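What the coordinates show
One letter stands for each residue in the lines below.
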Amino acid sequence: MAGVTDAGMRRVAQRRGASLAFSEMVASAGLMQGDAECGARAESVPGAPFAVQLVGCEPASMAQAARRLADDGADLIDINMGCPARRVAGALAGSALMRDLDAAARILEAVVGAVAAPVTLKTRLGWDEASRNAAALAQRAQSVGVKLITIHGRTRCQFYQGAADWKAVAEIVEAVSIPVVVNGDCNGVEDARAMLAASGAAGVMIGRAATGRPWLPGAIARALDSGGPATPPAPDDRHADAAQHLEHLLTRMGGRSGLRHARKHLAAYVDEEGAPAELRRALVTTETPGEAFALLARAYDVDRRRAA
Ligand SMILES: Cc1cc2nc3c(=O)[nH]c(=O)nc-3n(C[C@H](O)[C@H](O)[C@H](O)COP(=O)(O)O)c2cc1C
């Protein structure tokens, strides 16, 4: 999730059992121009599959960026045709490509032709209620060699409003023979079971619910296999995850900027622990890395549990 996740969070998610963690969307043009933010988003996680998502509207630029990522070791290239942001769709990229399936197919074909790595697609049900054309896009994608499609069960014009329509994803599952992953509003294993049952999809993608809970996708995967509940890691492990995520951001971005980027994650981590409001406030306002680590330890009650 662009502007939210980062390689540090993906690292924790994969260590805790997520099958695959896609990078935040990387603009093909920005990557080729050496944009620092694009470079950071395209950072791999050691020991885990390196799945990078590209966004753009020019087949040649997308192919060039995909080749560059493959040269850098990408195991999988995902193409974003779902981002609803006006900044992206206004540039005829992301979800705007659902309005022009010929343009979408040209991009997919160019990227598939450029790399040996599997190419996958992330999209939505359609642009709006009147044009739910994801099944047609999925068929075009499959015919040019795309290997897997993830469908967020909303239209572009819904942005994030209303509930994701998991049942509507069944139409796309039936339209293609490649695996389809269902996405939208998965907050736990019961949702995941319902999503799979309603759609017949091969897998579930989790976005927002993993903020503050990067262990969640792995716990859901295990619960789906075992039929049991999704169990969080022990508090010491959750603390270690949060501290490692913070450490990653400080190392990559430097103290001030790393702390600023970490705030939303730190808030989400300590909300999960039911931390008191003043501790949370101190954590999201501190300018000092050492204090951030100390406050984080307090939120997980590390001292009390060590003494017990
Ligand atoms: C702030 C934000 C940034 C996002 N960035 C991306 C992105 O870069 N690439 C992408 O495929 N989806 C992106 N998404 C969409 C999510 O991946 C997901 O499809 C959507 O949030 C619905 O799933 P969820 O309910 O599990 O979060 C973003 C969502 C949010 C809220």
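Read on for a plain summary of the structure. (Residues numbered from 1 in each chain as written. Predicted model: local features only at pLDDT ≥ 70, side-chain atom pairs only at ≥ 80, totals over all residues. Heavy atoms only, no water.)

1. Quick word on the site of the ligand
- What surrounds the ligand is a group of 16 residues, the closest being Ala2, Gln53, Asn183, Asp185 and Arg208.
- Contact between the ligand and Ala2: a nitrogen atom at 2.8 Å from a main-chain N or O atom of the residue.
- Contacts to the ligand include Asp185, whose backbone N or O atom sits 2.7 Å from an oxygen atom.
- Coverage of the ligand by the protein chains reaches 83% of its 610 Å² of free accessible surface.
- Taking a 2 Å distance to the grid points as the criterion, the majority of the atoms of the ligand fall inside the largest pocket.
- Residues belonging to the shell around the ligand are distributed by class as follows: six nonpolar, six polar and four charged. (Near = heavy atom within 4 Å. Polar contact = N/O pair within 3.5 Å; in protein donor to acceptor, adjacent residues only side chain to side chain. Areas by Shrake-Rupley, 256 points an atom, 1.4 Å probe, with all protein chains shown as cover. 1 Å grid on protein atoms, 1.4 Å probe; cavity = no way out; pocket = protein on both sides within 12 Å on 5 of 7 lines; lining within 4 Å. Sits in = over half its atoms within 2 Å of the grid points. Nonpolar A, V, L, I, M, F, W, Y, C, P; charged D, E, K, R; others polar.)

2. Description of unusual backbone geometry
- The backbone phi angle of Phe159 is positive, close to 50°, even though this residue is not glycine.
- Along the chain, the position of Phe159 falls in the loop between strand S5 (148-155) and helix H8 (169-175).
- Judged by its relative accessible area of 22%, Phe159 falls in the partly exposed class.
- Positive phi outside glycine occurs at Asp185, with the angle close to 70°. (Helix = DSSP H or I, 4+ residues; strand = E, 2+ residues; numbered from the N terminus. Buried < 20%, exposed > 50% of the residue type's maximum accessible area, 1.4 Å probe, protein only.)

These figures capture arrangement, not role.
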